[in-house]
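# Observations on the three-dimensional arrangement
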Amino acid sequence: MVKGKLIPLVVTAFFIVVIAVFSFSLMGPSLSEPASSTVSADETEMSGAGESGDSTVTNNVENNINGENAEVNNSIDNNVKNGEKNKVDNNVSNNIEINVDVKVTNEIGNHVEGQSSNSSHEDGGSSNNSNGDDASASSDTSNDEIVWGVDSASHTNSEMLACVKENFGDPLIWGRYLGEKDGVSEGLTADEIELLHSNDIEILLIWNHFEDARGYENGRSEAEQAIAKAEEYAVPEGVALFADIEPNYPVDSEFIRGWSEVMFDSKYESGIYGIFDAEADLTKAFNEAAQSNSHIGEQTYIWTASPNIGITSQSNAPEYEPEAPENSKVGGWQYGIDAESCNIDTNLFSNIITEVLW
């Protein structure tokens, strides 16, 4: 009697096992575990990868630097393949307190393959430079391409171009004036524009039709005149016009504010040329203008003539170390003036400024 009852139970259990095995065989592979990595270091190279399924990659990098000099390089490379939903989070925080110089480079590459993906990148950084100087080599140009160029108050013809190439080098940028100023500079001509552009030389545009750089309305008026002249030349949108503020000109922050604010409302970019050493009136006026309108410090392009190293050939040009207001958009350095031959000044330019040339 007991044995007879066991037979149905064994048969029933057998069928339950078969059904369970068949059901599990129909189910897909389980999701892969999230890949994550966390590091806190001065110099970091790290990678995260998810080969199949849905992947979550999280990278956290924190740099805490306190010293006189610092160079930090963070490199993150994430490769995620397959999966319907992939998520990549990169968080980089640079906390820096230094006295002299700092260079921080964050390189992050996300390579995500799948039906849908979500990647985010946070690069937070703060720098507290206790040096306190009003003027410095204020932009980190470690990743900038530095090019050599010239500017001239004279017309540029084929003979002038040949003189420069024979005696100095091959300029990629040539500074010229919008309109003529009697006894000071000859204005740019259509023939010059064609000659320079046909030789793959970009033109930096200068406005110098004033000798008093004081007063808000005066600054606005000069900007409006410069814009009108640029339009006569058919200068395209996005090109910077540089107000030439010579060291013997009286200058105040109101002129700079008037010039810049008109430029901000135009199709052109605001630029200022001058000697921007720490003690110069121009530097103090620019800093005051930037305090009253933060866009001036952030958006006005600076072409500085400080320090004056002296004329050189292209091959003997100095390292790119211009002086300019701290955190300004400095992209050009006229390091040598008044060459004995060819009537040129010599310059170095970073790619900050090459973006706004003609």
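Just above sits the structure.
Residues numbered from 1 in each chain as written. Predicted model: local features only at pLDDT ≥ 70, side-chain atom pairs only at ≥ 80, totals over all residues. Heavy atoms only, no water.

With respect to the helices and strands, Ser 260 occurs in helix 5 (residues 253-264). A relative accessible area of 0% means that Ser 260 is categorised as buried. A polar contact is formed between the side chain of Ser 260 and the side chain of Ser 270, at a distance of 3.3 Å. Residues contacting Ser 260, with those up to four places away along its chain left out, are Ser 270, Ile 296 and Thr 300. (Helix = DSSP H or I, 4+ residues; strand = E, 2+ residues; numbered from the N terminus. Buried < 20%, exposed > 50% of the residue type's maximum accessible area, 1.4 Å probe, protein only. Polar contact = N/O pair within 3.5 Å; in protein donor to acceptor, adjacent residues only side chain to side chain. Contact = heavy atoms within 4.5 Å.)

Let us now look at the nonpolar core. Grouped together as the largest cluster of nonpolar side chains are 54 residues, with contacts concentrated most on Leu 205, Leu 241, Ile 245, Ile 256, Trp 259, Ile 272 and Trp 358. When residues in this core are grouped by element, the largest group, five residues, is from helix 5. Not counting residues within four places of it along the chain, the set of residues in contact with Trp 358 comprises Leu 188, Ile 193, His 197, Glu 202, Ile 203, Leu 205, Tyr 233, Ala 234, Val 235, Pro 236 and Val 239. Core analysis: the next-biggest nonpolar cluster, separate from the first, contains 16 residues, Ile 206, Tyr 301, Ile 352 and Ile 353 among them. (Core = buried A, V, L, I, M, F, W, Y, C linked by side-chain atoms within 4.5 Å.)

Within the span of helix 3 (residues 190-198), buried status applies to Glu 192, Ile 193, Leu 195 and Leu 196. Each buried residue of helix 3 sits inside an arc of 170 degrees when the element is viewed along its axis, so together they form one side. Exposed and oriented more than 90 degrees from the buried face of helix 3 are Ala 190, Asp 191, Glu 194 and Ser 198. Against the buried residues of helix 3 lie helix 2 (158-167), strand 8 (173-177) and strand 9 (202-207). Just beyond helix 3, the residue with positive phi is Asp 200, at close to 60 degrees. (Arc of directions from axis to C-beta.)

Two pairing modes exist for strands in a sheet, parallel and antiparallel, and in both the strands are linked by backbone hydrogen bonds. Pairing in this closed barrel of eight strands is mixed, and the strands run 7-8-9-10-11-12-14-15 around the ring. Direction aside, neighbouring strands of the sheet carry axes that sit 30 degrees apart on average. Direction of pairing for strand 14 (residues 329-336) relative to strand 15 (residues 345-349): antiparallel, over a ladder of four bridges. Within the sheet, the bridge partner assigned to Gln 334 lies in strand 15 and is Asn 347. (Pairing = 2+ DSSP bridges. Axes fitted to C-alpha atoms, helices over the stretch in contact; angles between N-to-C directions.)

On to the pattern of salt bridges, then. With the rule as written, the count across this model stands at seven salt bridges. Taking the shortest distance from any N to any O, the salt bridge between Arg 214 and Asp 212 comes out at 2.9 Å. Across the salt bridge formed by Glu 254 and Arg 257, the nearest N and O atoms sit 2.8 Å from each other. Taken as a pair, Glu 254 and Arg 257 lie in helix 5 at a separation of three residues, close to a single helical turn. Taking relative accessible area as the criterion, Glu 254 reaches 31% and is therefore assigned partly exposed. By sharing partners, the salt bridges in this structure join Glu 254, Arg 257 and Glu 261 into a single network. (Salt bridge = Lys/Arg side-chain N within 4 Å of Asp/Glu carboxyl O.)

For strand 11 (residues 269-274), the buried fraction is high: five of the six residues fall into the buried class. In the sheet, strand 10 (residues 240-244) pairs with strand 11 via five bridges, with the strands oriented parallel. When the bridges of strand 11 are listed, Ala 240 appears paired with Glu 269. The parallel pair strand 10 and strand 11, bridged by helix 5, forms a crossover whose chirality is right-handed. Judged from the four bridges that link them, strand 11 and strand 12 (residues 301-304) form a sheet pairing that is parallel. (Right-handed = clockwise from strand over helix to strand, strands pointing away.)

Further remarks concern the state of the cysteines. Working definition: the covalent bond between the sulfur atoms of two cysteines is a disulfide. Applying the stated rule across the entire model yields one disulfide. Covalent S-S linkage joins Cys 163 and Cys 342, the inter-sulfur distance amounting to 1.9 Å. As the torsion about the S-S bond is roughly -85 degrees, the Cys 163-Cys 342 disulfide counts as left-handed. With Cys 163 in helix 2 and Cys 342 in the loop between strand 14 and strand 15, this pair connects stretches of sequence that are 179 residues apart. Residue Cys 342 is classed as buried on the basis of its relative accessible area of 11%. (Disulfide = S-S within 2.5 Å.)

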